[in-house]
Amino acid sequence: MAAVERPPVKEGIRIFLLCVCWYTVSSGGNIVNKIILNGFPYPVTVSLFHIFSIVVFLPPLLRAWGVPKTELPGRYYRWYILPLAFGKYFASVSAHFSIWKVPVSYAHTVKATMPIWVVLLSRIIMREKQTTKVYVSLIPIIGGVLLATVTELSFDVSGLISALAATLCFSLQNIFSKKVLRDTRIHHLRLLNILGFNAVLFMVPTWVLVDLSSFLVNGDLSDMSGWTGTFLLLLVSGFCNFAQNVIAFSVLNLVSPLSYAVANATKRIMVISISLLMLRNPVTSTNVLGMMTAIVGVFLYNKAKYDANKEKKLLPSTKQDLVSFDNPGLEKNQANGSVPFPLGTELQHSRNNVLTDHFQYSRQAYTMNYSGNHQYVI
């Protein structure tokens, strides 16, 4: 079904409003998380509400948008879905533990190391080599994070380790979700829904053993008004987490991957700036310089990946590509979701993949020829 053409001005206004909403819910969600954890030090509980937000809010949205269901084989549940769900659970808990221990601004700066992990893990796991420009773009990321770490006034070792663990886990998720999306051609929001339901299996026992048991021993049940306020904040936190995932998907479907990288880098700057302003974290100018350097490095990485993939796309790499290159009329569109799995090496789909803080979004266009995965890390 062809997309409805909109006037450029209206399209620009729509993108601008979506970005404003995206920055607002992302910044607000992080500030709410920090406020909750300052007075209610139970990071697993915050993660539990985030997972439940996916389980509760996403299925109605999938039905409203008509996202097709895809049956996954049993081996994918054993080897990919369950490990990815465990990774989602562990990354969420680690991320909230880091926000509890260190300022939001520093936690987001450490998250900027994701390109380093993705490049390293892709080389080890997928044997994927990068261009010189990609490797050089990692230098400001490393330098910026090191500078921010050395000058961080509220530094905490456990907070740094948990932030790095969360970033490493997000990177592994991104790499393997890319494989699942490519092999099964499942819609990424459908995959997110499946991972959310399976992550609950890991989250609930952990919550019972860690947070619930601690709460029953140390919690004060006499102040019910205080618990009501905390519960409402937890609901807001969960909804913000869900909303920023959906809005990010909507923005990606309206702009190019490179424009999305710029928007996401701007979002990270907004989150850091607003958290410093609202939470009054003590910082130095050198500390801020390190944060901004790391964020600029992430953008340079995305630009280098964009240029490298653009060059790859211009050259045919397989016999099938040569046929399509010489006879573009042979390329036929296939209906979305009509075939759950590829039946051969020729039956592929083209994607522009963008790896975000939480999940891999992709602009999907199903065709008979595959031109490569365009992967960027935000």
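Everything below is about the structure printed above this text.
Reading guide: rules and limits
- Residues numbered from 1 in each chain as written.
- Predicted model: local features only at pLDDT ≥ 70, side-chain atom pairs only at ≥ 80, totals over all residues.
- Heavy atoms only, no water.
- Salt bridge = Lys/Arg side-chain N within 4 Å of Asp/Glu carboxyl O.
- Helix = DSSP H or I, 4+ residues; strand = E, 2+ residues; numbered from the N terminus.
- Buried < 20%, exposed > 50% of the residue type's maximum accessible area, 1.4 Å probe, protein only.
- Contact = heavy atoms within 4.5 Å.
- Disulfide = S-S within 2.5 Å.
- Phe/Tyr/Trp six-rings, centres within 6.5 Å; stacked < 30°, edge-to-face > 60°.
- Lys NZ or Arg CZ within 6 Å of the ring centre and 35° of its normal.
- Patch = residues over 30% accessible without salt bridge, like charges linked within 9 Å, V, L, I, M, F, W, Y side chains within 5 Å.
- Areas by Shrake-Rupley, 256 points an atom, 1.4 Å probe, with all protein chains shown as cover.
- Core = buried A, V, L, I, M, F, W, Y, C linked by side-chain atoms within 4.5 Å.

Caption draft 1: Here's a closer look at the pattern of salt bridges. In total, this model carries five salt bridges according to the counting rule given. Here aspartate 183 makes a salt bridge to lysine 179, at a shortest N to O gap of 2.9 Å. With a gap of four residues between them, aspartate 183 and lysine 179 both fall in helix α7 (residues 157-184), about one helical turn apart. Judged by relative accessible area, aspartate 183 falls into the partly exposed class, the value being 22%. A salt bridge links aspartate 183 to arginine 182; its shortest N-O distance comes to 3.8 Å. Its relative accessible area of 24% is what places arginine 182 among the partly exposed residues. Residues joined by salt bridges that share partners form a network here, namely Lys133, Lys303 and Asp307.

Caption draft 2: Structural detail: the environment of valine 46. Structurally, the position occupied by valine 46 is in helix α2 (residues 43-65). Each C-alpha atom, one on valine 46 and one on glycine 238, is 7.8 Å from the other, the two residues being 192 residues apart in sequence. Setting aside its immediate chain neighbours within four residues, valine 46 contacts Asn33, Ile36, Leu37, His96, Leu234 and Ser237.

Caption draft 3: Looking closely at the state of the cysteines. All told, the structure shown has zero disulfides when counted by the stated rule. Just so you know, cysteine 21 is unpaired, no disulfide at all, and the nearest cysteine sulfur is the one on cysteine 19, 9.4 Å from it.

Caption draft 4: Quick look at unusual backbone geometry. Located in the positive-phi region is arginine 185, a residue other than glycine, with phi close to 60°. Assignment of secondary structure puts arginine 185 in the loop between α7 and α8 (188-218). On the accessibility criterion, arginine 185 (6% relative accessible area) is buried. One non-glycine residue, arginine 280, lies in positive phi territory at about 60°. Tracing the chain through its elements places arginine 280 in the loop between α10 (257-279) and α11 (285-314).

Caption draft 5: View of the side chain of serine 94. Considering the arrangement of structural elements, one finds serine 94 in helix α3 (residues 74-101). Each residue touching serine 94, except ones within four places of it in the same chain, is listed here: Ser162, Ala165 and Ala166.

Caption draft 6: Representation of the packing of aromatic side chains in the model. Applying the stated criterion across every chain yields a total of 16 aromatic pairs. Considering the side-chain rings of tyrosine 42 and phenylalanine 215, the 6.3 Å spacing of their centres and the 80° angle between planes classify their relative orientation as edge-to-face. Residue tyrosine 42 is located in the loop between α1 (8-39) and α2, and its partner phenylalanine 215 is located in helix α8; the two are separated by 173 residues in the primary sequence. Measuring from centroid to centroid gives 6.0 Å for tyrosine 89 and phenylalanine 202, while their planes differ by 25°, and the two rings are stacked. With tyrosine 89 in helix α3 and phenylalanine 202 in helix α8, this residue pair connects regions lying 113 residues apart in the sequence. Classification of tyrosine 89 as buried rests on a relative accessible area of 11%. A network of ring pairs unites the aromatic residues Phe40, Tyr42, Phe215 and Trp227 as a single cluster. Note that lysine 101 overlies the ring of tryptophan 100, its terminal NZ or CZ placed 4.3 Å from the centroid.

Caption draft 7: Just a nonpolar patch on the surface, in detail. Residues Phe52, Val56, Phe57, Val204, Val208 and Phe239 make up a contiguous nonpolar surface patch of roughly 480 Å² in combined accessible area. Counting residues per element, the nonpolar patch draws most heavily on α2, which supplies three residues. When you line up the elements, phenylalanine 52 lands in helix α2.

Caption draft 8: Quick look at the nonpolar core. Among the nonpolar cores identified, the biggest contains 18 residues, and Ile36, Val46, Ile99, Tyr106, Val110 and Leu234 are the most heavily contacted of them. Elements with a minimum of two residues in this core: α1, α2, α4 (104-111) and α7. For this core, the leading source of residues is α4, giving four residues. In this structure, Met114, Val145, Ala294 and Ala304 belong to the second largest nonpolar core, which totals 17 residues.

Note that all results are geometric; they support no functional claim without further evidence.
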